[in-house]
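Coordinate analysis (summary)
As a plain string of letters, each chain reads:
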Amino acid sequence: MKENQEDQISLSDVILNFKIIGNYLKSEWFVILLVGLLGATFGFSYSLFVKPTYTATLSFALEDEKSGGGGLSGALGLASSLGIDLGTSAGGAFSGANLIELMKSRTLIEKSLLDNIIIENKKSSLAEYYLEFTGLRKKMDKKDELKNIHFSVNDDRNKFSIHKDSVLGEIYKKIAGINSNGLLSVIQKDKKISIINVEVESTDEIFSKTLVENLVNEVSDFYISTKSKKARTNVSILQKQADSIRNELNNAISGVAQAADNTFNLNSALNIKRVPSSHRQIDVQANTAILTQLVTNLEMAKVTLLKETPFIQIIDRPILPLKKEAVGIVKGIVFGWILFTFLIVFLFTSKRILQFVLNDNKEII
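Small disclaimer: the values here were computed from a predicted structure and weren't measured.

Two faces, one strand: in a regular strand the side chains alternate between the faces of the sheet. Sheet topology note: the strand β2 (residues 116-119)/strand β3 (residues 122-125) ladder contains four bridges and is antiparallel. Counterpart to Ile 119 in the pairing with β3 is Lys 122. Linking β2 to β3, which pair antiparallel, is a turn of two residues; within it Glu 120 sits at a positive phi near 55 degrees.

Scanning all chains against the criterion turns up twelve salt bridges. Salt bridges here are not isolated pairs; linked through shared partners, they connect Arg 106, Glu 110, Arg 157 and Asp 165.

We now examine helix α6 (residues 126-133). Of all eight residues in α6, seven are buried; the element is thus mostly enclosed. Immediately downstream of α6, the backbone of Gly 135 shows phi near 85 degrees, a positive value.

The grouping of Trp 29, Phe 30, Val 31, Leu 33, Leu 34, Leu 37, Val 330, Val 334, Trp 337 and Ile 338 at the surface amounts to a nonpolar patch, some 970 Å² of accessible area in total. Mapped by element, the contributors of at least two residues to the nonpolar patch are α2 (29-49) and α12 (329-358). The element contributing the most residues to the nonpolar patch is α2, with six residues. Along the chain, Val 31 falls in helix α2. Val 31 gets classed as partly exposed once you look at its relative accessible area, which sits at 32%.

Another aspect to go through is α2. The periodicity of an α-helix, 3.6 residues per turn, causes residues three or four positions apart to be oriented the same way. Between the first and last C-alpha of α2 there are 30 Å, a value that for 21 residues agrees with the 30 Å anticipated at 1.5 Å per step. What α2 keeps buried is the set Ile 32, Val 35, Gly 36, Gly 39, Ala 40, Gly 43 and Ser 47. What you see down the axis of α2 is that its buried residues fit within an arc of 150 degrees, all on one side. For α2, the exposed residues set more than 90 degrees away from the buried face come down to Phe 30, Leu 38 and Phe 49.

Taken over all residues, the pLDDT of the chain has a mean of 74, while the share at 70 or more is 65%. Considering each helix and strand of the chain separately, the mean pLDDT is smallest for helix α3 (residues 70-81), with a value of 45, and largest for α6, with 93. Segment residues 269-275: pLDDT under 50, and five contacts once partners within four positions in sequence are set aside and those in other chains are kept.

Within the largest apolar cluster, 44 residues are counted, with the highest numbers of intra-cluster contacts made by Phe 60, Phe 151 and Val 198. Those elements that place two or more of their residues in this core are β1 (53-62), α4 (97-103), α5 (106-113), α6, α8 (162-176), β4 (184-187), β5 (195-202) and α9 (205-227). Discounting residues that sit within four places of it in the chain, Val 198 has contacts with Ala 56, Thr 57, Leu 58, Phe 60, Met 103, Leu 184, Ser 185, Val 186, Val 212, Leu 215 and Val 216. Counting eight residues, the second largest nonpolar core, distinct from the first, contains Leu 25, Ile 32, Ile 344 and Phe 348.

The rules behind the values
- Residues numbered from 1 in each chain as written.
- Predicted model: local features only at pLDDT ≥ 70, side-chain atom pairs only at ≥ 80, totals over all residues.
- Heavy atoms only, no water.
- Pairing = 2+ DSSP bridges.
- Helix = DSSP H or I, 4+ residues; strand = E, 2+ residues; numbered from the N terminus.
- Salt bridge = Lys/Arg side-chain N within 4 Å of Asp/Glu carboxyl O.
- Buried < 20%, exposed > 50% of the residue type's maximum accessible area, 1.4 Å probe, protein only.
- Patch = residues over 30% accessible without salt bridge, like charges linked within 9 Å, V, L, I, M, F, W, Y side chains within 5 Å.
- Areas by Shrake-Rupley, 256 points an atom, 1.4 Å probe, with all protein chains shown as cover.
- Expected span 1.5 Å × (residues − 1).
- Arc of directions from axis to C-beta.
- pLDDT = per-residue confidence, 0-100.
- Contact = heavy atoms within 4.5 Å.
- Core = buried A, V, L, I, M, F, W, Y, C linked by side-chain atoms within 4.5 Å.

Here it is in structure tokens:
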């Protein structure tokens, strides 16, 4: 019974103190209203000065290494058992999370930034255009060591000065971001689905669209070059060997004809004169057998190379106009009002609770 009474008293105390806090907030209505108006003004200003952002999204599907194996896998296995190396896929290094990290790599992003963009019939590098629309070019012009730095299309990265390298590095940081806060976002929504979305969000519509397309192209070229390197090397070697044997075979055939001409109507007793012709015929037979095997291996190697490319299948490309996100005037005013009003109410409430605690839980009227 006593415990219930204490609980009732405690509950009544809580209700009473809430009323006290409510009355206190009513007494400070003018300050709360003034702060709310200040917040609305801040929200209005924010909506006017903050530029809208444009998001370019490109989605693509990864090649499925397990599909389409069939007869080709059997043929490659047979070739391998015979000691014929036709090249193997390096796809495992570029799948899933590895591919996402590859797209965020500094090398490929910088290559994308040195690709061209055409604005008002004027060709420029993406990096140079970024410096212009972000206002960084004006800041650089005020510094002697930076004002002469420019990025041309397909600039030789190996010849960059320290300052030029530093500027490009800063642009890379803005794009890749730290702790996923950059302009670039690469997401694989589900590990079971080999579809990756690449997004670039910036304050310039053309930059967003061009960067996401350039980046995917650079990653695709890098992947194809790396993944099919061994297969391309094998095709090149086999092609040279086949061409060499084909030349030898042609020479051997010509030699047989020449030797036959030299021994025409020859005395049958002089067999020694027929030896060169016999040698040439042996060369023809040997080279024919070798060429047949090389051509078979070459065609299989070409099939392997074809299997490796292309690796990216574009599903959706960014189409202008892009998705635009902006803080409207009404939205800015309402958000600023609510935010500042909440903060001042929280401040007054915290103040009264602190006074209540410091006065040994006595009511403050």
